[in-house]
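Fold and geometry: a report
Below, each chain spelled out in residue letters.
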Amino acid sequence: MKFSIYRFDPEHDQSPTMQVFELDDDLLDSEMMLLDALLLLKAQDETLSFRRSCGEGVCGSDGMNVNGRNALACITPLFSLKAPVVINPMPGLPVIRDLIVDMEQFYKQYRSVRPYLINKDPEPEVEHLQSPADRDRLDGLYECILCGCCSTACPSFWWNPDKFLGPAALLQSWRFLADSRDQATDERLANLDGPFKLFRCHTIMNCVEVCPKGLNPTQAIGHIKELMVKRSI
Amino acid sequence: MNIPRRQFDTLIIGAGGGGLRAALQLSQADAHVAVVSKVFPTRSHTVAAQGGVNAALANVRPDNWHWHMFDTVKGSDYLGDQDAIEYMCRAAPKAVYELEHFGVPFSRLDNGTIYQRQFGGQSMNFGGEQAARTCAAADRTGHAILQSLYQQNIRAKTHFFDEYFAVDLLHNQEGSILGALVLNIATGEKLVIEAKTSLLATGGAGQIFRTNTNALINTGDGMAMALRAGIPLQDMEFFQFHPTGIAGKGMLVSEGARGEGGYLINNEGERFMERYAPNARDLASRDVVSRAIVTEIRKGRGCGPNKDHVLLKLDHLDAAVIRKRLPAIRDLVLTFANVDLCDKPAPVFPTAHYTMGGIPTNRFGEVVAPIEHGPEERIPGLYAVGECACVSVHGGNRLGGNSLLDIIVFGRAAGNQIIEYLGENHYHQPLEDACLAPALQRLAHWEQTGDGESVDALRKELTATMESHCGVFRTEEVLSEGVEKILALQKRLPDVRLRDHSKVFNTARIEALELENLMDVAVATMMSAQQRQESRGAHSRIDFPERDDVNWLRHSLYHKASNSVDYKPVRMKPITVETFPPKPRTY
């Protein structure tokens, strides 16, 4: 099977190149994931660089652009891919080396939405009570693994990475707005005000299309907008 | 020497649940904390914990901490230290309520309290009916806890060194730990972090086995750093094989699957756990269930064309329950075994999962070792919590749901202990350049060029050797051969060479440093296993099938310098209650 992989090492390369790799068919089996193939390639050429950890789609390390679409290598079945498999780093972020991007901008946006529960009441001795229905509202929100596949697939994020917060951070914002235990709704909404942070979402929905966890940031963004409108009247 | 230095009150190595819980405690107390992690914190392996965290909240069935303590002592096969176990079980409810206050989205019962599920080895009334003690956020409890802890640390303004690799602890002549030499992975630059206190929270070492449930980052870094600093590792022969890894692949299927009503069957469709554990059946302790599966397969009752696995059956349950309580597991099994648990059973096999042993500590998270005065002398300035530590609450076998509990209870306890220490120790001790020499030498080795074996080739042999010689069932013959083989592999390590010597995000270099760590931990594990001539918890010797409390109710301590194992007594005396004396262990 053939692979065409983005290579760039700032110490040695003037500009990035696409390198062709090949894996012998007898090294492959039908149940392999793309990450397995990358690990085999790295065993042949240890300079090939990418992040990876859990290998089962829960840690969010190995987001990359595979045949034009952002995905997690560890849960992308190898034989679902058309060869040669073209692998690029996730778009829209500076490349550190090969498939490794600098995610600082992404994390900064995440931190900026105050992604933590704010409850101003005196702490109860036991748990805050939350009805199963209220808890259900967090399903589809808290599962985000911060892989970056969504934000780096978003044209609004590419154009205004410093001003638009991007789908991942906004999904987190809604995760706390939607939490019946959280009491910072006004501050959270005020923090998102203005033409860019939230409103640069043009519902292109690339984020929904690529999310490896099947989450729906566009819908979350819609909910925030609705809540803003409701609050303003 | 022109290596930059930074000073902090506390250096925490590892940003999983244990490290982050300690960091939060410290940051909230205005300590100046540095958390060093080789991956971005939310990618730490705590994220993969599925089933939940144990605490006797009694939300579903009657419960109290003393029953939890009994189950944990029994589960440990009486090798756990009963003072630490009492402390953990008593602290559990408060620790879980705190997590809820931090924002963890626990699943809920109709009355709004935290949902609790049944897990293996849990009982009411000291061995009575099944308890329901495991607090769950669906089947993503670790993910939910790790993210909430990271988020609270953002709020508390903890200082993070993301994607920095800790090379080695730094210590002076007197043995005080003064910080660590770390490597900025993105730039390849070295940094000395000087700290009055250092906490190891680097997690387990599942990667010593070829097939395992662990993330690729679980390479026993902290354990190996401790060994190289002259600190022994405790009870390393006790490695947990989780009964239900996806066969041939290793991804974990939570015990929660059986807690929600799933069970195991052999090729005759028989629910075989009824024969091995008539009362607890599929919710017996993990060591018991893993042995039963391997025994069934050895007797020819395995499933599939090669009769090499058993099946985990959930399809008799309401599909809505599976979707609600086990959504991520259903996804995982669908992705990796191409089976929808709502319709069909999944192929499973016992898979290397959890390092019960580790860096010896007391229940305050202080690292203790035999130096001059007895077996439990404190190493000044050094603390350890979580899977890399051995406090020991898990003894010979950990109960499901007690690992997340371990990290939050002892992360918090170590944080508090460090705060106390910082109150009395205001200044950094001088760190001479000479203290850096061993760590720098370690890095320099990998700068050598020329021909040599590859990191990948040696690692593959290492993990295959551990798998074939240190598995669920062990014998003198297999272990002795294993010791010989692993020591031979260790001898080859100095001749391994890197091809890639670049500075920027050199993952090959990190893997080389990890291989050194894996090797140290693997040797410790194999040596300790070969020495222990009894069967206890996860350590099953076919040639010594019984537990031997007369000779072996004691902790092993493996020392790297002498490549030898010695022993220390188990702490049988709890803090306030009566000792649970060893009894035959049946489920």
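Residues numbered from 1 in each chain as written. Chains lettered and ligands numbered in written order. Predicted model: local features only at pLDDT ≥ 70, side-chain atom pairs only at ≥ 80, totals over all residues. Heavy atoms only, no water.

1. Considering the pattern of salt bridges
Residues and elements named next belong to chain B. Rules: The term salt bridge refers to a pairing of a side-chain nitrogen on Lys or Arg with a carboxyl oxygen on Asp or Glu at a separation within 4 Å. Secondary structure elements are taken from DSSP: a helix is a run of H or I of four residues or more, a strand is a run of E of two residues or more, and numbering for both begins at the N terminus. A 1.4 Å probe rolled over the protein chains alone gives each residue an accessible area, and that area as a share of the maximum for its type sets the label: buried under 20%, exposed over 50%, partly exposed in between.
Going through the model one piece at a time under the given rule, you end up with 66 salt bridges over all chains. Arg117 serves as the salt-bridge partner of Glu260, at 2.8 Å between the closest nitrogen and oxygen. A residue pair is termed long-range when its members are at least 10 positions apart, and Glu260 in the loop between helix 6 (256-259) and strand 12 (263-265) and Arg117 in strand 4 (residues 116-117) qualify at 143 residues. Accessibility assignment for this pair places Glu260 and Arg117 in one class, buried. In this structure, Asp520 engages Lys560 in a salt bridge whose closest nitrogen and oxygen atoms are separated by 2.9 Å. With a gap of 40 residues between them, Asp520 in helix 15 (residues 507-531) and Lys560 in the loop between strand 21 (554-559) and strand 22 (564-569) connect regions that are remote in the sequence. Overall, Asp520 belongs to the buried group, its relative accessible area being 7%. Here the residues in one salt-bridge network are Asp77, Glu237, Asp287, Arg291, Arg532, Glu534, Arg536, Arg547, Asp549 and Arg585, joined through shared partners.

2. Observations concerning the interface of chain B and chain A
Test applied: We call two residues contacting when some pair of their heavy atoms lies within 4.5 Å. Accessible area that two parts lose when put together, evaluated with a 1.4 Å probe and summed over both, is termed the buried area. Note on residue classes: Ala, Val, Leu, Ile, Met, Phe, Trp, Tyr, Cys and Pro are nonpolar, Asp, Glu, Lys and Arg are charged, and everything else, Gly too, is polar.
At the interface, 62 residues of chain B touch 61 residues of chain A. With both chains or domains summed, chain B and chain A bury close to 4900 Å², and 53% of this area falls on carbon and sulfur atoms. By the criterion of area lost to chain A, the three top residues of chain B are Arg43, His101 and Leu216 of chain B, representing 15% of everything that side buries. Inspection of the region where chain B meets chain A yields seven salt bridges. Note that Arg52 of chain A is salt-bridged to Glu511 of chain B, the shortest N-O span being 3.6 Å. Elements represented by at least two residues in the side of chain B that touches chain A include exactly helix 3 (82-102), helix 4 (141-155), helix 10 (327-337), helix 13 (455-469) and helix 15 of chain B. When residues of the side of chain B that touches chain A are assigned to their parent elements, the largest contribution, eight residues, is made by helix 4 of chain B. For the side of chain B that touches chain A, the per-class residue count stands at 27 nonpolar, 19 polar and 16 charged.

3. A few points about the nonpolar core
Short version of the rule: Note on terminology: a nonpolar core comprises buried Ala, Val, Leu, Ile, Met, Phe, Trp, Tyr and Cys residues joined through side-chain atoms within 4.5 Å.
With 140 residues, the main nonpolar core has Phe3, Leu34 and Leu38 of chain A as its most contacted residues. Beyond its immediate stretch of four places on either side in the chain, Phe3 of chain A contacts Gln19, Val20, Phe21, Leu23, Leu34, Ala37, Leu41, Leu78, Val85 and Ile87 of chain A. Among the nonpolar cores identified, the runner-up in size contains 87 residues, and Phe165, Cys435, Ile510 and Ala522 of chain B belong to it.

4. Observations regarding helix 3 of chain B
Residues and elements named next belong to chain B. Note the threshold: How far a helix is expected to stretch is found by multiplying one less than its residue total by 1.5 Å. Bend, at a single residue, is the angle you get between axes fitted to the 7 residues ending at that residue and the 7 residues starting at it.
Here helix 3 is 21 residues long and its end C-alpha atoms lie 29 Å apart, about the 30 Å a rise of 1.5 Å per residue gives. Roughly 45 degrees is the biggest bend found in helix 3, and it falls at Ala92, with proline Pro93 one to four residues downstream. Burial analysis of helix 3 places 17 of its 21 residues in the buried class, which makes it a mostly covered element. Positive phi shows up at Gly103, right after helix 3, with a value of about 115 degrees.

5. Some details on empty space enclosed by the protein
Residue and element names in this part refer to chain B. Spelled out, the test is: Detection works on a 1 Å grid of protein atoms alone, calling trapped sets that fit a 1.4 Å probe cavities and calling open sets with protein on both sides within 12 Å along at least five of seven lines pockets, with lining residues defined by an atom within 4 Å of a point. Grid points are joined across faces, edges and corners, and a volume is the space filled by probe spheres set on the points.
Scanning the entire structure with this criterion turns up 11 cavities of 30 Å³ or more. By volume, the largest cavity is sized at about 740 Å³. Lining the largest cavity are 49 residues, with His45, Thr46, Gly203, Asn218 and Glu387 positioned closest to its centre. Contributions of two or more residues to the lining of the largest cavity are made by helix 1 (17-28), strand 2 (33-37), strand 7 (164-171), helix 5 (221-228), strand 14 (346-355) and helix 11 (402-424). Of the residues in the lining of the largest cavity, the class split is 18 nonpolar, 24 polar and seven charged.

6. Considering the layout of surface pockets
The volume enclosed by the largest pocket comes to roughly 1400 Å³. Together, 46 residues line the largest pocket, and Asp36 and Leu39 of chain A together with Arg210, Leu216 and Lys460 of chain B are the ones closest to its centre. For the lining of the largest pocket, the elements supplying multiple residues, two or more each, are helix 1 (34-44) of chain A together with helix 13 and helix 15 of chain B. The dominant element in the lining of the largest pocket, judged by the number of residues it contributes, is helix 1 of chain A, at seven residues. Across the lining of the largest pocket, the residue classes break down as 18 nonpolar, 13 polar and 15 charged.

7. So, the sheet that holds strand 10 (residues 233-234) of chain B
Residue and element names in this part refer to chain B. Put simply, the rule reads: Between any two strands, pairing holds if DSSP finds at least two bridges.
Spatial ordering of the open sheet is given by 10-21-22, a layout of three strands whose pairing is antiparallel. At either end of the open sheet lies a strand with only one pairing partner, and these are strand 10 and strand 22. For strand 10 and strand 21, the ladder comprises two bridges, and the chain directions are antiparallel. What sits directly across from Gln234, in strand 21, is Leu557.

8. Overview of the environment of Val523 of chain B
All names here are of chain B. Mapped onto the elements of the fold, Val523 is located in helix 15. Looking at Val523, the relative accessible area reads 0%, which means it is buried. Residues within four places of Val523 in sequence aside, it is in contact with Ile486, Leu487, Gln490, Tyr558 and Asn563.

9. Topic: the sheet that holds strand 3 (residues 53-54) of chain B
Residue and element names in this part refer to chain B. Strand order in the open sheet formed by three strands is 3-5-4, with antiparallel pairing between adjacent strands. Pairing within the sheet leaves two strands with one partner each, and these edge strands are strand 3 and strand 4. Two elements, strand 4 and strand 5 (residues 134-135), share two bridges in a ladder whose sense is antiparallel. The residue bridging Arg117 from the neighbouring strand is Thr134, located in strand 5.

10. Regarding the packing of aromatic side chains
Stated precisely, the cut-off is as follows: Two rings from Phe, Tyr or Trp (for Trp, the six-membered ring) form a pair when their centres sit within 6.5 Å of each other. Planes less than 30 degrees apart are called stacked, planes more than 60 degrees apart edge-to-face, and all others tilted. Charges are assigned to positions over rings by a cutoff of 6 Å between ring centre and Lys NZ or Arg CZ, combined with an angular limit of 35 degrees from the ring normal.
For the coordinates displayed, the defined rule picks out 15 aromatic pairs over all chains. Ring geometry for Phe209 of chain B versus Phe239 of chain B: centroids 4.8 Å apart, planes at 55 degrees, classification tilted. With Phe209 of chain B in the loop between strand 9 (190-200) and helix 5 and Phe239 of chain B in strand 11 (residues 239-246), the pair connects residues that are 30 residues apart, well separated along the chain. We note that Phe209 of chain B, like Phe239 of chain B, is buried. Geometrically, the ring pair formed by Phe209 of chain B and Phe241 of chain B is edge-to-face, given 5.4 Å between the ring centres and 75 degrees between the ring planes. With Phe209 of chain B in the loop between strand 9 and helix 5 and Phe241 of chain B in strand 11, the pair connects residues that are 32 residues apart, well separated along the chain. Through a chain of ring-to-ring contacts, three or more aromatic side chains come together here, namely Phe106 and Tyr107 of chain A together with Phe40, Tyr150 and Phe160 of chain B. A cation over an aromatic ring shows up here: Arg175 of chain A above the ring of Phe176 of chain A, its NZ or CZ 4.1 Å from the ring centre. The lysine or arginine in question, Arg325 of chain B, covers the ring of Tyr115 of chain B, its NZ or CZ lying 3.7 Å from the ring centre.

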